[in-house]
Amino acid sequence: MSETLNIQVRLSAIPCPICKQSQFSINPQTEKSYTENFYKARCNNCAYTFTVSTPTKPIRETDPDVDQWLGGLSCPSCQERGAELDLRCVPSVRDCIYFVTCKACRHPYHENAPMEAYE
Ligand SMILES: [Zn+2]
Ligand SMILES: [Zn+2]
């Protein structure tokens, strides 16, 4: 599966903050940072756009606070603690959503990050 298609599939788990539909088109951005690749997600229904990023370096090296938070997440499928970051997005000013995979059973799920805690 291509990365953009993979992101599209994962994002279908969340609603558009404007129209509440869950169909997004994903386009890679030329903008990159040392630690992340960026994508633009565009709602197929209302054309609202927001940024999605995927880590290109292990999160424990680039953002130890987030790594610690991921380590404390508990999987909704097997209840084990610990998750790997797949991608994150900021669909609105209040939301920062992390899409993760359970380290124990590989179940994919997402969590709203407590953004302010890291400011
Ligand atoms: Zn929308
Ligand atoms: Zn699990």
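In the block above lies the structure referred to throughout.
Residues numbered from 1 in each chain as written. Chains lettered and ligands numbered in written order. Predicted model: local features only at pLDDT ≥ 70, side-chain atom pairs only at ≥ 80, totals over all residues.

Caption draft 1: Looking closely at the overall build of the protein chain. For the protein chain, the count of helices and strands is 3 helices and 6 strands. Put simply, the protein chain runs from its N terminus to its C terminus through helices and strands in the order α-β-β-β-α-α-β-β-β. For 119 residues, the compact-globule estimate of 2.2 N^0.38 gives 14 Å, and the C-alpha radius of gyration of the protein chain, at 14 Å, lies within 12% of that figure. Taken along the three principal axes of its C-alpha coordinates, the protein chain extends 35 × 30 × 30 Å. Across the 119 residues in the protein chain, those meeting the buried criterion constitute 20%. For the protein chain, contacts bridging at least 24 residues in sequence account for 39% of all contacts bridging at least 6. (Helix = DSSP H or I, 4+ residues; strand = E, 2+ residues; numbered from the N terminus. Rg over C-alpha atoms; globule rule 2.2 N^0.38 Å. Buried ≥ 20, exposed ≤ 12 C-beta atoms within 10 Å, placed from the backbone. Contact = placed C-beta atoms within 7 Å.)

Caption draft 2: Just the sheet that holds strand E1 (residues 24–32), in detail. The strand order E1-E2-E3-E4-E5-E6 describes an open sheet built from 6 strands, whose pairing is antiparallel. Both edges of this open sheet fall to E1 and strand E6 (108–112), since each of them pairs with a single strand only. Shown here is a sheet whose adjacent strand axes are inclined to one another by a mean of 25 degrees, direction ignored. Examined bridge by bridge, E1 and strand E2 (residues 36–43) share 6 bridges and lie antiparallel to one another. Bridged to Lys32 within E2 is Asn37. Each of E1, E2, strand E3 (49–55), strand E4 (83–92), strand E5 (95–102) and E6 is contacted by helix H1 (residues 3–11), which is oriented at about 130 degrees to E1, the strand it contacts most. (Pairing = 2+ DSSP bridges. Axes fitted to C-alpha atoms, helices over the stretch in contact; angles between N-to-C directions.)

Caption draft 3: Examining the pairing of E6 more closely. Where E5 meets E6, 5 bridges bridge the pair, whose relative direction is antiparallel. Counterpart to Val100 in the pairing with E6 is Tyr109. Once E5 ends, the chain turns through 5 residues before running back antiparallel as E6, passing Arg106 with a positive phi of about 65 degrees.

Caption draft 4: Expanded view of H1. Within H1, the full set of buried residues consists of Ile7, Arg10 and Leu11. Buried positions in H1, seen along its axis, are confined to an arc of 95 degrees and lie on one side of it. Across H1 from its buried face, at more than 90 degrees, point the exposed residues Leu5 and Val9. Buried residues along H1 sit in contact with E1, E2, E3, E4, E5 and E6. (Arc of directions from axis to C-beta.)

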